[in-house]
Amino acid sequence: MKKILFALILSVGFFATSARAEDGLRVGVMDVMKINSDAAVMKSLNKQKDSALADIQKVVNAKRKDFEKREDELKTKQSLMDKEAFLKELQSFQKDVMDYDKQTEQKVAGIEKAYIEALKTIQKDYLDRIVRKIGAEKKYSLVLNSQTTIVLDKNLDITDSVIDALNEEVKEIKLNVK
């Protein structure tokens with residue numbers, strides 16, 4: 001009984017899909033990875049993110065040198081201090097390191113959050129509208145990500161048109177790190 005019901009549901013789904021295809025279901029595809037790497041706004045955004053992360057890394061490297069120096073000084077003092085005073089200073093040092101690591105993590109998270117917000121802005125303010133416009137011009141009912149589909153007809157790909165339109169509309173969005 002279950003097999004018959006499954007076959008019936010499958011055949012109804014097949015005929016419904018076939019009917020829609022005959023009614024003019026047209027599907028386009030776009031390569032989101034190519035848009036991410038080739039669109040001017042995405043290049044700018046990725047460059048800003050990389051630069052912000054590199055700046056943090058420079059500061060972290062300098063601070064690590066300071067921490068190493070403090071640690072060496074603490075090791076030198078260890079034999080000159082009583083055990084309790086040394087442990088107090090060691091705990092203070094470890095707390096400073098942990099606090100700094102936490103601050104650094106928060107800064108990196110702030111950059112990631114700003115990056116995601118910028119991506120949402122690009123999607124909402126530009127990409128959705130551009131894809132809808134190009135899809136409508138080509139009379140597509142649906143546009144899929146080419147990474148999740150098997151594309152048999154390369155003429156369905158609107159990636160270059162999307163990149164061109166995006167480049168015409170926006171070159172840069174500021175990474176607004178808070």
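Above this text sits the structure in question.
Counting starts from 1 at the beginning of each chain's written sequence and moves along it residue by residue. A pLDDT threshold of at least 70 governs which residues receive local features in this predicted model, and a stricter bar of 80 or more applies before side-chain atom pairs are shown or counted, although totals over entire chains, interfaces and linings include all residues. Each side-chain value is derived from all of the structure's non-hydrogen atoms; neither hydrogens nor water enter the calculation.

### Things to note about helix α4 (residues 83-137)
Working step 1: For α4, which comprises 55 residues, the first-to-last C-alpha distance of 78 Å matches the rise-based estimate of 81 Å (1.5 Å per residue) to within 8%.
Working step 2: Its side-chain oxygen 3.1 Å from the backbone nitrogen of Glu 84, Asp 82 forms the N-cap of α4.
Working step 3: Helix and strand definitions here come from DSSP, where helices need a minimum of 4 consecutive H or I residues and strands a minimum of 2 consecutive E residues; each element is numbered from the N-terminal end. Lys 139 lies just past α4 and shows a positive phi near 60°. In a helix, the anticipated span is given by 1.5 Å times the number of residues less one. What qualifies as a polar contact is a pair of N or O atoms within 3.5 Å, subject to a donor-acceptor requirement within protein and to the restriction that residues adjacent in sequence count only when both atoms come from side chains.

### Considering the pattern of salt bridges
Note on pairing: side chains with opposite charge can pair once their charged atoms come close.
Working step 1: Any Lys or Arg side-chain nitrogen found within 4 Å of a carboxyl oxygen on Asp or Glu counts as a salt bridge. Evaluated as defined, the whole model comprises 10 salt bridges.
Working step 2: One salt bridge connects Lys 49 with Glu 112, and the closest N-O pair in it is separated by 3.4 Å. On the criterion of sequence distance, the pair formed by Lys 49 in helix α3 (residues 40-78) and Glu 112 in helix α4 is long-range, its members being 63 residues apart.

### Some remarks on the environment of Ile 35
Working step 1: When you line up the elements, Ile 35 lands in helix α2 (residues 32-38).
Working step 2: Here the alpha-carbon distance between Ile 35 and Leu 166, two residues 131 residues apart in the chain, equals 9.1 Å.
Working step 3: The contact rule is simple, with two residues in contact once any of their heavy atoms fall within 4.5 Å. Not counting the four nearest positions on each side in its chain, Ile 35 is found in contact with Met 30, Met 42, Thr 159, Val 162, Ile 163 and Leu 166.

### Digging into α3
Working step 1: Over its 39 residues, α3 extends 56 Å from the first C-alpha to the last, a length consistent with the 57 Å expected when each residue adds 1.5 Å.
Working step 2: The classification of residues rests on relative accessible area computed with a 1.4 Å probe and restricted to protein chains. Under 20% of the type maximum is buried, over 50% is exposed, and intermediate values are partly exposed. Where α3 is concerned, the buried positions are Val 41, Met 42, Ser 44, Leu 45, Gln 48, Lys 49, Ala 52, Ile 56, Val 60, Phe 67 and Leu 74.
Working step 3: Summarising the contacts, the buried residues of α3 are in contact with α2, α4 and α5 (159-169).

### Re the nonpolar core
Working step 1: To qualify as a nonpolar core, a set must consist of buried Ala, Val, Leu, Ile, Met, Phe, Trp, Tyr and Cys residues joined through side-chain atoms within 4.5 Å. Ile 35, Val 41, Ile 158, Val 162 and Leu 166 are the most contacted members of the largest nonpolar core, which has 33 residues in total.
Working step 2: At the level of elements, α3, α4 and α5 are the ones that each hand at least two residues to this core.
Working step 3: Examining the composition of this core, we find that 13 residues originate from one element, α4, more than from any other.
Working step 4: For Leu 166, the residues in contact, after removing those within four places along its chain, are Ile 35, Ala 39, Val 41, Tyr 126, Leu 127 and Ile 130.

Functional significance is not addressed by these values, which are geometric in nature.
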